[in-house]
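Residue-level structural notes
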Amino acid sequence: MTDRYAVIGNPIAHSKSPALHAAFARQCGQDIRYEAILGPLDGFRASVEAFRQAGGRGMNVTVPFKEEAFRLATRLSDRAARAGAVNTLLFADAEIVGDNTDGAGLVRDITINLGCALAGKRILLLGAGGASRGVIAPLLAEQPAALAIANRTAVKAETLAAQFADIAPVEGGDFGRYAGRNFDVVINATSASLSGQSLPLPAGLFASGALAYDMMYGKGETPFLQLAREQGAGRCADGLGMLVEQAAEAFFVWRGVRPVTGRVLADLRAKLAA
Ligand code: NDP
């Protein structure tokens, strides 16, 4: 019997997940069906239950339901517990297992696809929302020399940093705090680009050859990457690879097979540019 999976979000029409998982399933010879479900804003739990009762085996969860999925799960992976959010559900007998593959996706994109080792690097993470929180523990697991968080609302960065202090020292503050310092990797996890706003980055933030990484992606260069290039970043990358890698990690969680992502990412990039 064909196993059923779905992505749930609101809005959902533009989700790339159905195409990604169809490509992974073809490549790995897995008999699955994957659909997109528009979750009513006040009906997330009921939608998940309906899909599970209909024989669904797992779901991806996207905006705005990741925190609700965290609360719905009856068991959490360590990385989901740390992230405080769930983007992957696995229905296993009576359990609803919540996982979070965003951080693993980011780290895999940077270290494998972009070939940029994070060990010993100084990393600056911009933003202190859900996306930022989800990637901190996986970034720390790479053993960077330092991890700092900069956010428009300083107290949020400070609070977030303190929540990971048991793993390694993490610094938090507003953008101005990092004036006069530089970093090897600067990751944009704010949603400023979505509204076309640019970030108040202090000059000289990018060390020689630094990687600027924007979790956002789109047809052209994102506002953050444009700014980073103007400020001397050595290398720029958007979040399309993270999107593909978090999906591949979810596929691995469900099916126990890891898809090869290079071709799938290249096809998606070509479609986005068309
Ligand atoms: P949240 O709403 O949880 O957090 C938004 C963050 O952006 C906050 O830190 C907020 O600061 C900051 N921010 C918003 N507007 C501005 C601005 N004008 N100037 C400075 N800072 C600003 O969003 P998420 O964390 O869920 O998502 C962030 C981004 O990451 C989105 O663009 C999303 O698309 C992307 N993303 C990409 C993924 C991928 O697979 N490529 C996966 C997940 C997310 P403050 O606290 O001061 O309000």
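In case you missed it, the structure is sitting above this.
Residues numbered from 1 in each chain as written. Predicted model: local features only at pLDDT ≥ 70, side-chain atom pairs only at ≥ 80, totals over all residues. Heavy atoms only, no water.

Some details on the layout of surface pockets
The method is simple in principle: a probe with the dimensions of a water molecule rolls over the atoms, and the space it marks as empty is what remains. The computed volume of the largest pocket comes to approximately 1,600 Å³. Lining the largest pocket are 49 residues, and of these Thr 62, Val 63, Lys 66, Ala 131 and Leu 194 sit closest to its centre. Among the elements of the structure, α1 (17–28), β3 (56–61), α3 (66–72), α6 (130–141) and α9 (240–255) are those that each provide at least two residues to the lining of the largest pocket. Per-class residue counts for the lining of the largest pocket are 22 nonpolar, 21 polar and six charged. Here the second largest pocket defines a volume of roughly 200 Å³. Lining the second largest pocket we find Lys 16, Ala 19, Leu 20, Ala 23, Arg 26, Gln 27, Arg 263, Val 264, Asp 267, Leu 268 and Lys 271. Elements that contribute at least two residues to the lining of the second largest pocket include exactly α1 and α10 (262–273). (1 Å grid on protein atoms, 1.4 Å probe; cavity = no way out; pocket = protein on both sides within 12 Å on 5 of 7 lines; lining within 4 Å. Points joined across faces, edges and corners; volume = space filled by probe spheres on them. Helix = DSSP H or I, 4+ residues; strand = E, 2+ residues; numbered from the N terminus. Nonpolar A, V, L, I, M, F, W, Y, C, P; charged D, E, K, R; others polar.)

Some words on the sheet that holds strand β6 (residues 95–99)
What holds strands together in a sheet is hydrogen bonding between their backbones, with the strands either parallel or antiparallel. If you walk across this open sheet you meet the six strands as β2-β1-β3-β5-β6-β4, and the pairing is mixed. If you trace the sheet from one side to the other, it starts and ends with β2 (32–38) and β4 (75–76), each paired once. Examined bridge by bridge, strand β1 (residues 3–9) and β2 share seven bridges and lie parallel to one another. When the bridges of β2 are listed, Ala 6 appears paired with Glu 35. Relative to β2, α1 is tilted by about 175°, and along the sheet it contacts β1, β2 and β3. Taken strand by strand, helix α2 (residues 44–53) contacts β1, β2, β3, β5 (88–92) and β6, and its axis lies near 150° from that of β3. (Pairing = 2+ DSSP bridges. Contact = heavy atoms within 4.5 Å. Axes fitted to C-alpha atoms, helices over the stretch in contact; angles between N-to-C directions.)

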